[in-house]
Amino acid sequence: MFDFQEQEDLDLINNRKLLLNELELEFGENLTLGTTENISIVVSPSSYLEKILQLKNSFGFNFFLNLWISDNIADGENFELMVQLLNMDTHQRAIITCPVTELEPVPSLSDIYHGAFWCEQESWDMYGVSFDSIPKERILSPEGMEGHTLRKNFEPKPFRLKQSVDYSFSPDPRVSRSEWKRRSVHKLDMFGGEVNGPLRAIVEVYDEVIERGRLEIGYLHRGVEKIFENLSLNQIQPHLCRINTSSPTMFQQAWFGGIEKYLGVHIPDRAKALRMVFNELDRIYEHLDTIGRIVDNLGCYPFLKETIEMQESILMVMKKYSGQRLNGSLICLGGVKSDVPKGWLTECLNLLGFLEKKVLEVTKLISNSTLWMKRLCRFELNSKQAMDWGVSGPNLRASGVNYDMRKVSPHYFYNDIEFEVPLGINGQCYDRYLVRVEEILQSLSIISQLLDNLPLGDTKTKDNRVLIPRKQDVYSETNALIQHYRFYDGGVILPEGEFYNSIESSNGELGFYVHSRGESTLNRVKLRTPGFYSGQCFTDICEGGSIEELPLVINSLNLVVGEIDR
Amino acid sequence: MNSNIISEVAFTANSESFLKKWNESILQDELWPFPVSFSCCASELRSFRGMQNSSSYVDVSDISRPPEKADLLIVGGTISQKIAPHLIDIYERMPEEKWVLAVGACASSGGPYWTHNVVQGLSQIIPVDVYLPGCPPSKEMIIQSFEAIRERVAKKVSALSQTRWSLNV
Amino acid sequence: MILGKNLYSKSSKILNLLRIFNLILPSIWKKSSDKFGNSEIQNEVGAPALTLTDTGGLRCTSCMLCQNICPSFCIKIETFEHAEEEAAPLNFDINILKCTFCGLCEEACPVDAIRMVGPMPMAGHSEQNWIWDKEYLSTYAGELRSKVGEDRPLMP
């Protein structure tokens, strides 16, 4: 075992060196190396499409991560377009930068990578940069608004909301024109509670069978990225838990882990283990949410009560730790909020035994029944489409692709723990349901391994740049009082530069990109949430169903609208 | 059912006043709600639905009831500019006697989101009866808020009648 | 591993039948989630409240650190004109409909003047006053007299 692991590591290092040599030959001085895992490349606008095609075909960057616009130059007119790609063999991410302005349209990437379609529409909505062959329609902001929100000189003005929007489809190239004219277009509003948030689906129907469809988003757009640019670093904590309320500690881990890596702060071992325990508990909570919604859509109300009872028991244990059920800020800068209270470890172990019995009880009764399989073995998503749209997480593993960030680029103690990664076969709703059930059982064994070997020590770091002094010292010593004022009046200031940090959350890859100019507020923050890309692949899946089954399709992908709209 | 209902209803002149008195006495026993929830407060309302008995004043377990048959509108979560016309449409489809409950900090006053895209409170678009602060409020607080609505129903006070009254004057 | 026996354990058919009955008649059996979280919770979060000194005046010195750090901007402080007259504020308003009970104001205060120990606000009619002023904040949670330097269970 030991030799096999060492051989794998040596192979990975050799492959990365080969790739870097080839890239240096091609790009020369336009290539810079941030860390061993993040590469940045600068491209000119005339050779933009050609270089990206070359990266996809000959260098192996075939997974699309993100596309956004940033205003790193302090000008009102010159922006920078950034595209992020992933190489699945050497696990390296490349950010390709290209300078753009508002006046010239940029060639579109939606033929090469399908997942860039909504990203380019959002770039026009927020900054005003236009793309070839992408319609100039608002996707997140309401129709009829003037101006572009994320520019630094934006001033809000009152406007009149445009109510009648054109919802027609373009002619279908797969069938003849006369057949296309017989179809009709319908809208389905899901504002009540069928889906996790407000969404609207627009479908083209012939004889009660759906031929094509798409989703309309933007009903919960709160402007979180604009808020992040106007608050100081210590004020941001309450906003992180409220983006996706089923897994708040995942967002806190991605944010604070990135800042600590950038500043070079080391946290003690006990804090690392406790952060991993909270992340796995949130993963279980969100998978139980998905299973409960699938069960509710098929009409079994007693099973929904069982999953809600399991979720309540998890929340009771979290309340005993921090005092609040859902939005308690457990992870903070430099460690965990406080030490474990008395008796919490035994309660947590009792919870694990209770959950394991209940999950096996409920799912053994329904997973093997033929009626369940008949209703769920439909709506297929194959692996090539999934990697094109940028889908990751359990939705990608249900299509058969073996990619889990906890195994390939592990952080903290994931290297020393034994667990398995479940895979699906066909990519249907049944596979997505079974992968989530098995991941709950694997998470339970991860938590029990961590709690058995919990390291001793402090729960917060002693680094002076980040440490808040204890309250007893603030009341009595002047040094601590001066540091307290310095921390709360100015705040922690990040040095000039940019970074990107990502973890494996319960829906896929979750990442934060931050650029700072050395001032007390940040310049640009971009969130890469997994729900934005799973929502785009709805256009491939919905064919062949009926209108009553649409909430089932959306719930099996676990689309959380707080993540999509931000 | 109240035992006074027969004595109240017996002295009616025509069928319209008979139905009005019948409706008012039924509202003392049970209210039919229409819950709408968008973001974080949806998880609290959903767990409330899972742990409820069917013999309480407001029964939230049947979500297929349309707004034309509901008396109480429960709103939770952040309200954006794009969804405000749909809320007003739902409110106008409800019958004449109706009450509104705003759950959470975002629905009461906009919460921590001070951007221009978020409506700063439900009272800017429809008249509200009872507020429930918290982020999110716990299940015991939701049960206690139904008692406040019961008081208002017994005394026939509603925010809708007060606004119409002030507009007429 | 402590849970080695429970994970991946096999069960007999009779127990499976009993489990089906358990699901069909849930109201008779006691809810298992009542077992968790019933012991005393020491650090439950409450609503903000102002503390008093030994002589009965407010401990607050109007340093404005809590107003600057609140993410919802729900605290408003007004001071007297001259600082020698009185260090305590003239007006201290909290709009309780906007508060998210995050606890940042308690972390930021250097003199232990505001603590989150009050009872959580109840539902109320829309005509009542939802802005809590100085007198209400210092008396509604009982008379809180804080001793500077005491051991606080909430923040380390």
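Caption draft 1: Layout of the overall build of chain A. Secondary structure summary: chain A contains 21 helices and 13 strands in total. Compactness check: chain A gives a C-alpha radius of gyration of 24 Å against a globular reference of 24 Å for 566 residues, within 12% of the reference. Taken along its principal axes, the extent of the C-alpha atoms in chain A is 80 × 60 × 60 Å. Here chain A holds 566 residues, and the buried ones make up 61% of them. Relative to all contacts within chain A whose residues are 6 or more apart in sequence, the contacts with residues 24 or more apart total 67%. Summed over all atoms, the accessible surface of chain A reaches about 22900 Å², with 50% contributed by carbon and sulfur. The average position of the 59 basic charges and that of the 79 acidic charges among the side chains of chain A differ by 5 Å.

Caption draft 2: View of the overall build of chain B. Looking only at helices and strands, chain B has 7 helices and 4 strands in total. In sequence order, the secondary structure elements of chain B are arranged as α-α-β-α-β-α-β-α-β-α-α. Within chain B, contacts between residues separated by at least 24 positions form 73% of all contacts whose residues are at least 6 apart in sequence. With the model as given, the accessible surface of chain B reaches about 7900 Å², and the carbon-plus-sulfur share is 54%.

Caption draft 3: Here's a closer look at the interface of chain A and chain B. The partner chain B presents 32 residues to the 43 residues of chain A that form the contact. Buried surface at the junction of chain A and chain B, both sides included, amounts to about 3400 Å², of which 59% is carbon and sulfur. For Lys82(B), the salt bridge identified is with Glu216(A), shortest N-O distance 3.8 Å. Here chain A and chain B share 8 residue pairs in polar contact (both at pLDDT 80 or more) between them. Counting only elements with at least two residues in the side of chain A that touches chain B, the list comes to helix H5 (224–228), helix H8 (269–297) and helix H9 (301–322) of chain A. By residue number, the principal contributor to the side of chain A that touches chain B is H9(A), which donates 6 residues. Classifying every residue of the side of chain A that touches chain B gives 18 nonpolar, 14 polar and 11 charged.

Caption draft 4: The packing of H9(A) against helix H10 (residues 344–366) of chain A, seen in detail. Residues and elements named next belong to chain A. Between H9 and H10, the least distance of the axes is 11 Å, while the angle of their chain directions is 170°. The orientation of H9 with respect to H10, classified from their angle, is roughly antiparallel. Listed contacts from H10 to Phe-303, Glu-306, Glu-309, Met-310, Ser-313, Ile-314, Val-317, Lys-320 and Tyr-321 of H9 are Trp-344, Glu-347, Leu-351, Phe-354, Leu-355, Lys-358, Val-359, Val-362 and Ile-366. Across the contact of H9 with H10, the residue classes tally to 12 nonpolar, 1 polar and 5 charged.

Caption draft 5: Layout of the confidence of the model for chain B. Of all residues in chain B, 83% attain a pLDDT of 70 or more, and the chain-wide mean is 81. With a pTM of 0.89, the predicted complex shows an ipTM of 0.85.

Caption draft 6: Quick peek at unusual backbone geometry. The peptide bond linking Cys135(B) to Pro136(B) adopts the cis configuration, its omega dihedral lying at -15°. With a phi angle near 60°, Asp207(A) is a residue other than glycine that sits in the positive phi range. Position of Asp207(A) among the secondary structure elements: in the loop between strand S7 (199–206) and strand S8 (209–216). Phi at Phe101(C) is positive, roughly 55°, even though this residue is not glycine. Here Phe101(C) shows up in the loop between strand S3 (91–95) and helix H3 (104–108). Under the relative-accessibility criterion, Phe101(C) is labelled buried at 2%.

Caption draft 7: Local environment of a nonpolar patch on the surface. On the surface, Phe18(B), Leu19(B), Trp22(B) and Ile26(B) cluster together into a nonpolar patch covering about 350 Å² of accessible area. For Phe18(B), the location among the structural elements is in helix H2 (residues 15–27).

Caption draft 8: Representation of the domain arrangement of chain B within the structure. All names here are of chain B. Domain annotation for chain B reports domain 1 (1–30) and domain 2 (31–168). With 5 residues of domain 1 in contact, the opposing surface of domain 2 contributes 10 residues. Taking both partners together, domain 1 and domain 2 bury about 700 Å²; carbon and sulfur atoms supply 49% of that area. Taken as a group, Leu-27, Gln-28 and Glu-30 account for 75% of the area that domain 1 buries against domain 2, more than any other trio of residues on that side.

Caption draft 9: Spotlight on the packing of H10(A) against helix H15 (residues 429–452) of chain A. Residue and element names in this part refer to chain A. As a packed pair, H10 and H15 sit with axes 11 Å apart at the nearest point and diverge in direction by 160°. With respect to H15, the element H10 is oriented roughly antiparallel. For the pair H10 and H15, the sense of crossing is left-handed. In this structure, H10 contributes Leu-345, Cys-348, Leu-349, Leu-352, Leu-355, Glu-356, Val-359, Leu-360, Thr-363 and Ile-366 to the contact, and H15 contributes Tyr-433, Val-437, Ile-440, Leu-441, Leu-444, Ile-447, Ser-448 and Leu-451. Of the residues contributing to the contact of H10 with H15, the split by class is 15 nonpolar, 2 polar and 1 charged.

Caption draft 10: The arrangement of the domain arrangement of chain A in detail. Residues and elements named next belong to chain A. Each assigned domain of chain A is listed here: domain 1 (2–127), domain 2 (183–216) and domain 3 (224–565). A straight line from the C-alpha centre of domain 2 to that of domain 3 covers 29 Å. Facing the 21 residues of domain 2 at the interface are 19 residues of domain 3. Summed over both sides, the interface between domain 2 and domain 3 buries roughly 1600 Å², with carbon and sulfur atoms accounting for 69% of that surface. For domain 2, the biggest contributors to the area lost against domain 3 are Asn-196, Ile-210 and Leu-215; these three give 38% of the whole.

Caption draft 11: H15(A), seen in detail. The end-to-end C-alpha separation of H15(A) is 36 Å, in line with the 34 Å expected for 24 residues at 1.5 Å each. Extensive coverage of H15(A) is indicated by the burial of 21 of its 24 residues.

Caption draft 12: Fine view of the packing of aromatic side chains. Residues and elements named next belong to chain A. Throughout the structure, instances matching the rule amount to 23 aromatic pairs over all chains. Ring centres of Trp-68 and Tyr-513 lie 4.9 Å apart, and the angle between their planes is 55°; this geometry places the pair in the tilted category. You can see Trp-68 sitting in strand S3 (residues 63–70) and its partner Tyr-513 sitting in strand S12 (residues 509–516), a full 445 residues away along the chain. The same class applies to Trp-68 as to Tyr-513, namely buried. A connected cluster of aromatic rings, assembled from ring pairs, spans Phe-64, Tyr-113, Trp-118, Phe-532 and Tyr-533. We note Lys-56 situated over the ring of Tyr-113; from NZ or CZ to the ring centre the distance is 4.9 Å.

Caption draft 13: Structural context of the sheet that holds S3(A). All names here are of chain A. Pairing is mixed in the open sheet, where 5 strands are placed in the order S1-S2-S5-S4-S3. The sheet is open, and its two edges are formed by strand S1 (31–33) and S3, each paired on a single side. Along the sheet, successive strands turn relative to each other by an average axial angle of 20°, direction set aside. Alignment of strand S2 (residues 38–42) against strand S5 (residues 92–100), held across 5 bridges, turns out to be parallel. Counterpart to Ile-39 in the pairing with S5 is Ala-94. Most of the contacts of helix H2 (residues 48–57) go to strand S4 (residues 79–87), to which it runs at about 15°, and overall it touches S4 and S5. Most of the contacts of helix H3 (residues 116–127) go to S3, to which it runs at about 5°, and overall it touches S3 and S4.

Parameters at a glance
- Residues numbered from 1 in each chain as written.
- Chains lettered and ligands numbered in written order.
- Predicted model: local features only at pLDDT ≥ 70, side-chain atom pairs only at ≥ 80, totals over all residues.
- Heavy atoms only, no water.
- Helix = DSSP H or I, 4+ residues; strand = E, 2+ residues; numbered from the N terminus.
- Rg over C-alpha atoms; globule rule 2.2 N^0.38 Å.
- Buried < 20%, exposed > 50% of the residue type's maximum accessible area, 1.4 Å probe, protein only.
- Contact = heavy atoms within 4.5 Å.
- Areas by Shrake-Rupley, 256 points an atom, 1.4 Å probe, with all protein chains shown as cover.
- Lys, Arg positive; Asp, Glu negative; His and termini not counted.
- Charge placed at Lys NZ, Arg CZ, Asp CG, Glu CD.
- Buried area = accessible area lost by both parts, 1.4 Å probe.
- Salt bridge = Lys/Arg side-chain N within 4 Å of Asp/Glu carboxyl O.
- Polar contact = N/O pair within 3.5 Å; in protein donor to acceptor, adjacent residues only side chain to side chain.
- Nonpolar A, V, L, I, M, F, W, Y, C, P; charged D, E, K, R; others polar.
- Axes fitted to C-alpha atoms, helices over the stretch in contact; angles between N-to-C directions.
- Parallel < 35°, antiparallel > 145°, perpendicular 65-115°, else oblique.
- pLDDT = per-residue confidence, 0-100.
- Patch = residues over 30% accessible without salt bridge, like charges linked within 9 Å, V, L, I, M, F, W, Y side chains within 5 Å.
- Domains from an automatic or database assignment.
- Left-handed = near helix turned anticlockwise from the far one by under 90°.
- Expected span 1.5 Å × (residues − 1).
- Phe/Tyr/Trp six-rings, centres within 6.5 Å; stacked < 30°, edge-to-face > 60°.
- Lys NZ or Arg CZ within 6 Å of the ring centre and 35° of its normal.
- Pairing = 2+ DSSP bridges.

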